[in-house]
Amino acid sequence: MKAGMKRTKYCGEVTKDDCGKKITLMGWVQKRRDLGGLVFLDLRDRAGICQIVFNPETDPETHALAQKVKAEYCIAIKGEVVLRPEDMRNKTMNTGDVEILAEEIHILNEAKTLPFVLSEEVEVGEALKLQYRYLDLRKPGLQNNIILRHKAAQCVRTYLNDAGFIEVETPMLTKSTPEGARDYLVPSRIFPGHFFALPQSPQLFKQLLMISGFDRYYQIVKCFRDEDLRADRQPEFTQIDLETSFLEMDEILDITEGLIVDMFKETIGVDMKQPFLRMSYDEAMSSYGADKPDIRFDMKLFDISDIVAKTDFGVFSSTVANGGVIKAMNVKAPAELSRKDLDSFGVFVATFGAKGVMWAKISDTGWQSSFAKFLSDDQKKKIEERLSIKPGDTMLVIAGKKEMVNASLGALRLHVAEKLSLIPENTYAPLWVIGFPLLEWNEDEKRFVAVHHPFTAPAIEDIDLLSTDPAKVKAQAYDMVINGQEVGGGSVRIHSRDLQKKVFDVIGLGEEEAKYKFGFLLEALEYGAPPHGGLAFGFDRLVALLTGAKSLRDVIAFPKTQKAACPLTQAPSSVDDAQLAELGIKVLDKYKN
RNA sequence: GGGGGCGUAGUUAAGUUGGUUAUAACGCCGGCCUGUCACGCCGGAGGUCGCGAGUUCGAGUCUCGUCGCUCCCGCCA
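Residues numbered from 1 in each chain as written. Chains lettered and ligands numbered in written order. Predicted model: local features only at pLDDT ≥ 70, side-chain atom pairs only at ≥ 80, totals over all residues. Heavy atoms only, no water.

Engineer: Could you clarify how one ought to interpret the packing of aromatic side chains in this entry?
Structural biologist: Two descriptors summarise a pair of aromatic rings, namely the distance from one centre to the other and the angle between the planes of the rings. Summed over the entire model, instances satisfying the criterion amount to 13 aromatic pairs. A centroid spacing of 4.8 Å and a plane angle of 85° characterise the contact between Phe313 and Phe316, whose relative ring orientation is edge-to-face. The exposure class assigned to Phe316 is buried, which follows from its relative accessible area of 1%. A ring pair is formed by Trp441 and Phe448, whose centres lie 5.0 Å apart and whose planes are at 80°; its orientation type is edge-to-face. On the accessibility criterion, Phe448 (15% relative accessible area) is buried. Among the aromatic side chains, those forming a connected cluster through ring pairs are Phe313, Phe316, Phe371 and Phe374. A cation over a ring is seen here: Lys175 above Tyr516, with NZ or CZ 4.8 Å from the ring centre. Sitting above the plane of the Phe297 ring, Arg413 keeps its charged end 4.0 Å from the centroid. (Phe/Tyr/Trp six-rings, centres within 6.5 Å; stacked < 30°, edge-to-face > 60°. Buried < 20%, exposed > 50% of the residue type's maximum accessible area, 1.4 Å probe, protein only. Lys NZ or Arg CZ within 6 Å of the ring centre and 35° of its normal.)

This is the structure:
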């Protein structure tokens, strides 16, 4: 680069007000349009795109150089900002009223032909995009997602700083914890055969910070879980983690929902109404078949077991007799469901274990349905009333075990809504789900496991139930849900050693084991631990909501594939035997290369 | 661990019932072009049909296996 050359402006920020000024831009060539005489270059940087004109009459040497430039060359240009001729203005470009009359061009670096075209229109294969992530990240769409992510993080810091929170870092090399997800392990060289674990969350450390008296802690922090991935799950992801002392649940909810309201306002200008709706877990499960209901649209689930229990229709009567349920939802007219659609729903729910989807189309002339003949007029009328069915509506029904019915009908609700475009766009429907059970029975392990995590406080009035009927104990836990996505969750924690021990007992964590795994926490609770509680948001998921990204990959600079690999760096990779020897590790032969 | 979808030129896709030299667009290379902005016009190069077996006179197409990407179930306190 020519000595002393300095960028004076971003491409995307050149405006009419700059006309007459000499400016210097540096960026990448988006496009060259060579008319033989005149050459136009679209120059791009992180702020946007600006058109540069090269006229052979201005400077033949500069013009000749511009003809050599190709897509994605990194260049610097110097020239005068001029207003474009009246009929040559580009209304679709932010900088479309002006252009730069180039006087100098410097090729800072040439570029090979890219492995794919940088266009928002062309969908390139995921593996290739990730292999050349640094090129894919040049696309304005992806780049803007990352920039918005930065703004969202700034919001978090501003809001929490103002609310008196202190940012504290916690260790990445820590102790493997049972309960919960599979850990990513890191071998210790100094203690061969021993391993650190990367944190699934800073849970225990933030509780210790409360015991230390920091009172309000937060951290924007990486967490790691070695489980199979989904579009909304990456093996390493970022949490907005926070914890407070001396606050009750309502106060924690107030503070944290204020954070989300601020974030949506500051980043995308969306106003969310406060306070957020609070829905019980039981209501969420029964009406939406999910603990993360999407309440942007209605189409609730209704239990009709009581109405149809006594019919000659075997599917209904035997389901109820065997302790199952029959639930239905009403797809309101004018939504049209073809026979093909209805058949496809059966395939859709099969993966959730449902035998099939029954349906009834209700019109002025009556019910069209495989089971209508088994129902009395009175039963039909009761169903119509419960589901607010009007002529033209279609009812979908699934029968079976309660959990399976909720899972399949809840998923079908989302599937149908998507298919029929019943979900309003650019709408954000936040709510709190509260009143989760503290424990659930795990059939595989034949023991109770914590629904949230084992440090969650039970509802005070349920503490006695711990020893008599653990399944009935409610937790002081809460999840924030936006548009059917769980974006955050937390709880009031146990701050008494005795209660903590009791919960460990109930989940079958013996004294010895508890001491080995969590002894440090149990002991810490004995030194004046304050009442405390907190929450963690899934930052990536929040940014995905803010940007409308369909996958978390689109809001993470360097994400992993669904198999948790990185095509860019080729991680994970094998390592030298010497490196392994130092760690006291031997790889099984079947895994070598 | 299980189920679905995809894999053809650098990229995105088409490719019929298994049958001649595997198409198109964009990109790339060469030429022309002074108001383009999806610039235009003329010409050209470019293929391990993911990989490996099998069936067949003959496989991009059928079968089996395998790898990769993706969506979902299980899993993810």
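Engineer: I keep staring at the sheet that holds strand 2 (residues 39-45) and nothing clicks. Help me out?
Structural biologist: Neighbouring strands of a sheet are bound in pairs by backbone hydrogen bonds; such pairs are parallel or else antiparallel. Taken together, the five strands give a closed barrel; going around it, the order is 1-2-3-5-4, and neighbouring strands pair in mixed fashion. Looking at each pair of strands side by side, their axes are set apart by 55° on average, direction ignored. Looking at chain direction, strand 3 (residues 48-54) and strand 5 (residues 98-109) are connected through two bridges and run parallel. Each residue of the ladder has a partner; that of Ile52, found in strand 5, is Ile100. Helix 1 (residues 60-68) contacts strand 1 (22-34), strand 2, strand 3 and strand 5 of the sheet and is inclined by roughly 70° relative to strand 5. (Pairing = 2+ DSSP bridges. Helix = DSSP H or I, 4+ residues; strand = E, 2+ residues; numbered from the N terminus. Axes fitted to C-alpha atoms, helices over the stretch in contact; angles between N-to-C directions. Contact = heavy atoms within 4.5 Å.)

Engineer: Which parts of the structure should I look at to understand helix 10 (residues 339-350)?
Structural biologist: For an α-helix, 3.6 residues make a turn, and residues three or four places apart therefore share a direction. The end-to-end C-alpha distance of helix 10, which contains twelve residues, comes to 17 Å, matching closely the 16 Å that a straight helix rising 1.5 Å per residue would cover. Taken together, the buried positions of helix 10 are occupied by Asp341, Leu342, Phe345, Gly346 and Val349. Seen end-on, helix 10 carries its buried residues on one side only, within an arc spanning 150°. In this structure, helix 10 carries Arg339, Lys340 and Val347 as exposed residues pointing more than 90 degrees from its buried face. Contacts from the buried residues of helix 10 go to strand 14 (358-363), strand 16 (394-400) and helix 12 (402-419). (Expected span 1.5 Å × (residues − 1). Arc of directions from axis to C-beta.)

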